[in-house]
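Each chain, written out:
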Amino acid sequence: EKGTYPHYMLKEIDEQPLVMRKIIQQYQNENNELHIDESISQAMTEADRIYIVACGTSYHAGLVGKQFIEKWAKVPVEVHVASEFSYNMPLLSEKPLFVFISQSGETADSRAVLVQVKELGYKALTITNVPGSTLSREADYTLLLHAGPEIAVASTKAYTAQIAVLSILAAVTAKTRGVELSFDLVQELAIVGSAMEALCDDKETMEAIAREYLSTTRNAFFIGRAVDFYVGLEGALKLKEISYIQAEGFAGGELKHGTIALIENNTPVIALATQEHVNLGIRGNVKEVAARGANPCIISMKGLETEEDRYVLPPVHEDLSPLVAVIPLQLISYYAALHRDCDVDKPRNLAKSVTVE
Ligand code: F6R
């Protein structure tokens with residue numbers, strides 16, 4: 001039930017702080033330590049390479065998850081779009097482990113790959129919101145998102161839940177492999193929950209940004225470097241699927257290799273700046289597009305902000321910034337769609353779960 005909310009999407013965006021708390025609770029043992037089924041951390045530890053396979057928003061969550069697993073647990077990870085993987089399989093390592101990410105657990109493209117890799121005799125883990133779903137039943141292991149039903153076609157709380165569960169998977173794998181993390185993930189995820197709450201309480205600002213940048217534009221660009229690039233891809237997907245604005249996400253440094261030709265007077269360029277090591281670089285890219293007439297909207301993390309920024313995110317652990325940076329992008333997309341009279345919960349040409357290949 002959407003209760004007093006005008007749309008499921010807005011309700012589901014607002015549920016994200018609660019989902020963070022739920023996930024922390026579900027993945028803690030009685031000693032308040034992060035915990036996943038031992039067979040899963042064992043499989044993660046025995047693998048010499050992890051292959052993440054997913055579609056759409058779940059693929060974007062996988063890109064963020066790769067960072068956690070490589071940086072924290074020191075296991076190499078590849079992330080693949082399911083529809084490509086099935087006929088364009090990469091050369092596999094000796095001991096691969098497959099991780100399927102799927103909110104619905106029913107996506108046909110992902111299932112086709114699962115069937116294929118099971119036939120080859122490999123082990124698979126499914127990360128899904130739906131217990132008993134096809135991808136959960138057919139994999140060897142399952143991790144649940146505990147996000148509650150997601151009704152709106154545009155995925156919001158499943159994305160952040162996927163990232164949170166991937167962070168826990170990475171942290172537990174690190175521990176099993178004897179790598180010590182320099183921070184307490186439970187505490188950092190709790191901080192993320194509070195930051196999400198503050199962002200969800202700031203809807204007027206998000207609506208104003210949507211009005212200012214997106215109410216009449218034909219197109220919009222999202223740029224970022226490092227993990228901000230991946231969050232930008234998700235921001236662009238959200239915007240295009242519900243507002244029908246042509247939106248694309250780019251790595252900041254790639255702009256000058258072609259895309260910058262598309263910048264016209266007033267083209268909105270939403271730039272994410274949440275990562276210290278690329279802060280200067282992305283600000284350089286903003287200058288490049290601004291010099292060609294773009295209307296830049298910089299969203300930065302507290303501590304990295306400058307006076308030109310349109311929005312400053314509450315501070316969280318740098319590695320976990322996608323969990324908060326995506327919230328304004330979800331809300332801006334929501335209001336852009338609303339201002340353009342689009343059907344927010346049921347965008348044209350789309351179905352909630354894609355059960356054909
Ligand atoms: C975007 C969206 C889709 C899904 C994709 C995968 O908002 O909802 O891109 O993320 O179809 O679906 P699942 O995660 O159910 O496999």
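For the structure, check the block above.
The sections below set out a description of the structure shown in this document. Nothing here was measured: the structure is a model prediction, and the numbers come from that model.

### Here's the deal with the environment of Leu-272
Reasoning step 1: Note on placement: Leu-272 falls in strand β8 (residues 268–273).
Reasoning step 2: Judged by relative accessible area, Leu-272 falls into the buried class, the value being 1%.
Reasoning step 3: Here the alpha-carbon distance between Leu-272 and Pro-322, two residues 50 residues apart in the chain, equals 9.9 Å.
Reasoning step 4: In contact with Leu-272, other than residues within four places in its own chain, are Ile-223, Gly-224, Asp-228, Val-231, Gly-232, Ile-282, Ile-299 and Leu-329.

### Section: the state of the cysteines
Reasoning step 1: Across all of its chains, the model carries zero disulfides by this definition.
Reasoning step 2: No disulfide involves Cys-297; its sulfur sits 17 Å from that of Cys-200, the nearest cysteine.
Reasoning step 3: Cys-297 sits in the buried class, given a relative accessible area of 0%.

### Side note on the packing of helix α11 (residues 227–243) against helix α13 (residues 321–339)
Reasoning step 1: Contact geometry for α11 and α13: axes closest at 9 Å, N-to-C directions at 20°. On the basis of the axis angle, α11 is roughly parallel to α13. Remark: the crossing between α11 and α13 carries right-handed chirality. Residue-level inspection shows Val-227, Asp-228, Val-231, Glu-234, Gly-235, Lys-238, Leu-239, Ile-242 and Ser-243 of α11 in contact with α13, the latter providing Ser-321, Pro-322, Ala-325, Val-326, Leu-329, Gln-330, Ser-333, Tyr-334, Ala-336 and Ala-337.
Reasoning step 2: Its residues assigned to classes, the contact of α11 with α13 comprises eleven nonpolar, five polar and three charged.

### Brief notes about the site of the ligand
Reasoning step 1: The immediate surroundings of the ligand are formed by 13 residues, with Ser-58, Ser-102, Gln-103, Thr-107 and Glu-241 found nearest.
Reasoning step 2: The contact in question runs from an oxygen atom of the ligand to an N or O atom on the side chain of Ser-58, over 2.5 Å.
Reasoning step 3: Ser-155 places a polar main-chain atom, nitrogen or oxygen, 2.9 Å from an oxygen atom of the ligand.
Reasoning step 4: Compared with its free state, where it exposes 410 Å², the ligand has 90% of that area covered by protein.
Reasoning step 5: Per-element accounting of the shell around the ligand gives the leading share, three residues, to helix α4 (residues 56–73).
Reasoning step 6: Residue composition of the shell around the ligand, by class: three nonpolar, eight polar and two charged.

### Topic: the sheet that holds strand β10 (residues 311–313)
Reasoning step 1: Taken in spatial order, the five strands of this open sheet run β7-β6-β8-β9-β10, and their pairing is parallel. Looking at strand neighbours, the two that pair on one side only are β7 (246–251) and β10, the edges of this open sheet. On average, each strand axis in the sheet is inclined to that of its neighbour by 20°, with strand direction left out of account.
Reasoning step 2: Examined bridge by bridge, strand β6 (residues 219–224) and β7 share six bridges and lie parallel to one another.

### Some points on the packing of aromatic side chains
Reasoning step 1: Taken as a whole, this structure holds eight aromatic pairs when the rule is applied.
Reasoning step 2: An angle of 70° between the planes, with centres 5.3 Å apart, marks the rings of Trp-72 and Phe-183 as edge-to-face. Residue Trp-72 is located in helix α4, and its partner Phe-183 is located in the loop between α8 (157–176) and α9 (185–200); the two are separated by 111 residues in the primary sequence. The pair Trp-72 / Phe-183 is uniform in exposure class, with both members buried.
Reasoning step 3: A centroid spacing of 5.9 Å and a plane angle of 35° characterise the contact between Phe-98 and Tyr-122, whose relative ring orientation is tilted. Placement of the pair is Phe-98 in strand β3 (residues 96–102) and Tyr-122 in the loop between α6 (108–119) and β4 (123–128), with a sequence separation of 24 residues.
Reasoning step 4: By way of ring pairs, the aromatic residues Tyr-51, Phe-85, Phe-98 and Tyr-122 are connected into one cluster.

### A look at helix α2 (residues 16–26)
Reasoning step 1: The complete set of buried residues in α2 reads Gln-16, Pro-17, Val-19, Met-20, Ile-23 and Ile-24. Looking straight down α2, one finds its buried side chains confined to an arc of 160°; they lie on one side. Exposed side of α2, more than 90 degrees from the buried face: Leu-18 and Gln-25 are the residues found there.
Reasoning step 2: As for α2, its buried residues are in contact with α1 (8–14), α8, α9 and α13.

### Comments concerning the sheet that holds β3
Sheets are built from strands that pair by backbone hydrogen bonding, the pairs being arranged parallel or antiparallel.
Reasoning step 1: The parallel open sheet is built from five strands, whose spatial order is β2-β1-β3-β4-β5. Looking at strand neighbours, the two that pair on one side only are β2 (77–81) and β5 (141–144), the edges of this open sheet. Between one strand and the next, the sheet's axes are offset by a mean angle of 20°, whatever the strand orientation.
Reasoning step 2: Running at roughly 175° to β2, α4 makes contact with β1 (49–54), β2 and β3 of the sheet.
Reasoning step 3: In the packing of α8 onto the sheet, the strands contacted are β3, β4 and β5, and the crossing angle to β4 comes to about 140°.

Rules of the game
Residues numbered from 1 in each chain as written. Predicted model: local features only at pLDDT ≥ 70, side-chain atom pairs only at ≥ 80, totals over all residues. Heavy atoms only, no water. Helix = DSSP H or I, 4+ residues; strand = E, 2+ residues; numbered from the N terminus. Buried < 20%, exposed > 50% of the residue type's maximum accessible area, 1.4 Å probe, protein only. Contact = heavy atoms within 4.5 Å. Disulfide = S-S within 2.5 Å. Axes fitted to C-alpha atoms, helices over the stretch in contact; angles between N-to-C directions. Parallel < 35°, antiparallel > 145°, perpendicular 65-115°, else oblique. Left-handed = near helix turned anticlockwise from the far one by under 90°. Nonpolar A, V, L, I, M, F, W, Y, C, P; charged D, E, K, R; others polar. Near = heavy atom within 4 Å. Polar contact = N/O pair within 3.5 Å; in protein donor to acceptor, adjacent residues only side chain to side chain. Areas by Shrake-Rupley, 256 points an atom, 1.4 Å probe, with all protein chains shown as cover. Pairing = 2+ DSSP bridges. Phe/Tyr/Trp six-rings, centres within 6.5 Å; stacked < 30°, edge-to-face > 60°. Arc of directions from axis to C-beta.

Worth remembering: the numbers are spatial, not functional.
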